[in-house]
Amino acid sequence: MKVYFAGSIRGGRQDAELYRKVIAVLKEKHQVLTEHVGDLSLSTVEDKGDKAIYEQDTAWLRECDVVVAECTQVSLGVGYELAYAEAQGKKVHIFYRPQETQLFAMLTGNKRFHIHRYADESEILAQVRNI
Ligand SMILES: O=c1[nH]c(=O)n([C@H]2C[C@H](O)[C@@H](COP(=O)(O)O)O2)cc1CO
């Protein structure tokens, strides 16, 4: 499948190393369209231009088969992507660590989203292997 992985960039890069590992697991079976989200050297300031980022990412959201989002680190960009994916009728998996954040009702209350709670890295990697 073509996977759109969503994770915080300008919202904060505290989990960037985890995103990299999740993407590596996804790549064992799937094509990941957004590998840059797990790039530890990714700049959070505009380089290729925000318009280009928006146009590329929304094109990938239309192209993908499934969206996988890690939402522990709050990101408006990821929230926007989730709503865009829902409007496109895409399957959406959302992962978060409940011990660190109370996820938003607009996500956990949406029965079209598949919500996965996990405690640590080994748990999310095992869950992602089942996608
Ligand atoms: O440089 C970027 N490249 C990019 O692809 N994005 C997309 C992919 C991420 O899943 C999401 C992160 O949003 P934010 O930057 O608001 O945390 O937005 C976001 C940015 C920066 O906002």
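Along each chain, residues carry numbers from 1 onward, in the same order as the chain's sequence is written. A pLDDT threshold of at least 70 governs which residues receive local features in this predicted model, and a stricter bar of 80 or more applies before side-chain atom pairs are shown or counted, although totals over entire chains, interfaces and linings include all residues. Hydrogens and water molecules were not included; the side-chain quantities draw on all heavy atoms of the structure.

- Within an unreviewed UniProt entry, the label attached to the chain reads Putative 2'-deoxynucleoside 5'-phosphate N-hydrolase 1, and the organism entered is Selenomonas montiformis.
- Taken from UniProt, the Sequence similarities (unreviewed entry) comment for the chain reads in full: "Belongs to the 2'-deoxynucleoside 5'-phosphate N-hydrolase 1 family."
- UniProt positions are given in the numbering used here, feature names are shortened, and annotations may be inferred rather than shown by experiment. Recorded in UniProt under Function (unreviewed entry), the annotation for the chain is "Catalyzes the cleavage of the N-glycosidic bond of deoxyribonucleoside 5'-monophosphates to yield deoxyribose 5-phosphate and a purine or pyrimidine base."

### Structural notes on the overall build of the chain
Next up, step 1: Per the convention used, a helix needs a DSSP run of H or I reaching at least four residues, while a strand needs a run of E reaching at least two, with both numbered from the N terminus. When you go through the chain residue by residue, the secondary structure sums to five helices and five strands.
Next up, step 2: For the chain, the succession of helices and strands along the chain, N to C, is β-α-β-α-β-α-β-α-β-α.
Next up, step 3: With the radius of gyration taken over C-alpha atoms, the globule rule is written as 2.2 Å times the number of residues to the power 0.38. Whereas a compact globule of 131 residues would reach a radius of gyration of roughly 14 Å, the chain reaches 14 Å, a difference of no more than 12%.
Next up, step 4: If you line up the chain on its principal axes, its C-alpha atoms span 35 × 30 × 30 Å.
Next up, step 5: Looking at the chain as a whole, 45% of its 131 residues qualify as buried.
Next up, step 6: Sequence-distant contacts in the chain: of pairs separated by 6 or more residues, those separated by 24 or more amount to 66%.
Next up, step 7: For the accessible areas, the method is Shrake-Rupley and the probe is 1.4 Å, while residue cover comes only from the protein chains on display. Element-wise, carbon and sulfur atoms account for 51% of the exposed surface of the chain, whose accessible area totals about 7000 Å².
Next up, step 8: Looking at the chain, you have 17 positive and 19 negative side-chain charges, and the mean spots of the two groups are 5 Å apart. Accessibility here uses a 1.4 Å probe with only protein chains present; expressed as a share of the type maximum, an area under 20% marks a residue as buried, one over 50% as exposed, and anything in between as partly exposed. Contact definition: two residues touch when any of their heavy atoms are within 4.5 Å. Counted charges follow a simple rule, with Lys and Arg positive, Asp and Glu negative, and His plus the chain ends left uncounted. Charge positions are represented by NZ for Lys, CZ for Arg, CG for Asp and CD for Glu.

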